[in-house]
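Single-letter residue listing:
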Amino acid sequence: MGLQGTTLIVMPAFNEEAAVGDVVREVLREVADADVLVVDDGSRDRTTQVARAAGARVLELPFNLGVGGAMRAGFKFAVAEGYTTVVQVDSDGQHDPAGVASLLAALETHDVVIGARFAGEGDYEAKGPRRWAMVVLAAVVSRIAGTRLTDTTSGFRATGPRALEIFARHYPAEYLGDTVESLVLAARAGCRITQVPVSMRVRAGGTPSHDPVKAGVYLGRACLALVLALWRPPLALADDRNDRP
Ligand SMILES: Nc1nc2c(ncn2[C@@H]2O[C@H](COP(=O)(O)OP(=O)(O)O)[C@@H](O)[C@H]2O)c(=O)[nH]1
Ligand SMILES: [Mg+2]
């Protein structure tokens, strides 16, 4: 396959020493030919050392930027090192690396591929406000993207060369921007977006960064992120190369 050998798996990580080692090893085993970059986002534990020992390259951020900022650093790293494809995989083991192959296959005809939970695979479920937010966001982003997307907040995604260009410079760093707003950004720049079904697993260790109380605030913030995304002028694909320092 044309895309192999140039693929970088980027794993955002914050205090994931308990899980990241096994996840890196599993990804390297499952996705032959890909390199793994763990972006250690100011962890206070041994995430960096554990990830390195497992065979990952590691980018250590001096302080916590959040998932979006860490991913932008990962995209920049990928471009600088000549990778043409990036796949984002969580460091906690929730994303099954077996799904990476179908994400990469769909990249042959698309610029961004989302690994969608609830799309038939596995039995992952969200409830209450979090679920409603996902449904509303999916409907709005589907309209913008011109295709039916059911899981806009999934962090399991693949990015091809066209979208990589954009994400390396403009990947949203604000809360939730890395999920919903990045799709709006890509869609409005003319990227073709699609989804493939994936199953979700339970965390392999450590603690999730979200708590149930925060879930109630999720809907409002996500919708605000969407409004802000729509407010911004669309990005041109080719001509905006020098518009930011
Ligand atoms: N770079 C970075 N990664 C984070 C941060 N918070 C969580 N993550 C990572 O993002 C992924 C998903 O986080 P998680 O807490 O499991 O969220 P959930 O799966 O949506 O409940 C994991 O790989 C985390 O290590 C952060 O502040 N910065
Ligand atoms: Mg998780």
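Residues numbered from 1 in each chain as written. Chains lettered and ligands numbered in written order. Predicted model: local features only at pLDDT ≥ 70, side-chain atom pairs only at ≥ 80, totals over all residues. Heavy atoms only, no water.

Caption draft 1: View of the overall build of the chain. Across its full length, the chain carries eight helices and seven strands. In the chain, which comprises 245 residues, the share counted as buried stands at 50%. Considering only contacts within the chain whose residues lie at least 6 apart along the sequence, 76% involve residues at least 24 apart. (Helix = DSSP H or I, 4+ residues; strand = E, 2+ residues; numbered from the N terminus. Buried < 20%, exposed > 50% of the residue type's maximum accessible area, 1.4 Å probe, protein only. Contact = heavy atoms within 4.5 Å.)

Caption draft 2: Quick look at the environment of Ala18. With respect to the helices and strands, the residue Ala18 is situated in the loop between strand 1 (7-13) and helix 1 (20-30). Judged by relative accessible area, Ala18 falls into the exposed class, the value being 53%. Excluding its chain neighbours within four sequence positions, the residues that come into contact with Ala18 are Gly205 and Gly206.

Caption draft 3: Representation of the packing of helix 6 (residues 161-170) against helix 7 (residues 177-188) in the model. Taken N-terminus to C-terminus, the directions of helix 6 and helix 7 make an angle of 130 degrees; their axes are 11 Å apart at the nearest point. By the angle between their directions, the pair helix 6 and helix 7 is classed as oblique. Of the two possible hands of crossing, helix 6 and helix 7 adopt the one that is right-handed. Judged by residue contacts, Ile166, Phe167 and His170 of helix 6 engage Ser182, Leu185 and Ala186 from helix 7. (Axes fitted to C-alpha atoms, helices over the stretch in contact; angles between N-to-C directions. Parallel < 35°, antiparallel > 145°, perpendicular 65-115°, else oblique. Left-handed = near helix turned anticlockwise from the far one by under 90°.)

Caption draft 4: Spatial organisation of the site of ligand 1. What surrounds ligand 1 is a group of 18 residues, the closest being Glu16, Asp41, Ser91, Asp92 and Ser209. Pro12 is positioned such that a nitrogen or oxygen atom in its backbone is 2.9 Å from an oxygen atom of ligand 1. At 2.7 Å from an oxygen atom of ligand 1 is found a side-chain nitrogen or oxygen belonging to Gln94. Contact with the protein chains hides 87% of the accessible area of ligand 1, taken as 570 Å² for the molecule alone. For the shell around ligand 1, the secondary-structure elements that each account for two or more residues are strand 1 and helix 3 (66-80). In terms of residue count, helix 3 provides more of the shell around ligand 1 than any other element does, three residues in total. Its residues placed into classes, the shell around ligand 1 shows six nonpolar, six polar and six charged. (Near = heavy atom within 4 Å. Polar contact = N/O pair within 3.5 Å; in protein donor to acceptor, adjacent residues only side chain to side chain. Areas by Shrake-Rupley, 256 points an atom, 1.4 Å probe, with all protein chains shown as cover. Nonpolar A, V, L, I, M, F, W, Y, C, P; charged D, E, K, R; others polar.)

Caption draft 5: Up close: helix 5 (residues 128-145). Here helix 5 is 18 residues long and its end C-alpha atoms lie 26 Å apart, about the 26 Å a rise of 1.5 Å per residue gives. Among the residues of helix 5, those classed as buried are Ala133, Met134, Leu137, Ala138, Val141 and Ser142. Seen along its axis, helix 5 keeps its buried residues to an arc of 155 degrees; they face one direction. Facing away from the buried surface of helix 5 by more than 90 degrees, the exposed residues are Trp132 and Arg143. (Expected span 1.5 Å × (residues − 1). Arc of directions from axis to C-beta.)

Caption draft 6: View of helix 7. With eleven of twelve residues buried, helix 7 lies mostly within the body of the structure. For helix 7, the set of buried residues is Gly177, Asp178, Thr179, Val180, Glu181, Ser182, Leu183, Val184, Leu185, Ala186 and Ala187. Once helix 7 ends, the next one or two residues include Gly190, with phi positive near 95 degrees.

Caption draft 7: Seen up close, the pattern of salt bridges. Under the definition given, this model contains ten salt bridges. Close ionic contact of Glu165 with Arg169 constitutes a salt bridge, the shortest N to O distance being 3.5 Å. Of this pair, Glu165 and Arg169 both sit in helix 6, four residues apart, roughly one helical turn. Exposure remark for Glu165: the relative accessible area of 29% places this residue in the partly exposed category. Through salt bridges with shared partners, a single ionic network connects Glu16, Asp92 and Arg203. (Salt bridge = Lys/Arg side-chain N within 4 Å of Asp/Glu carboxyl O.)

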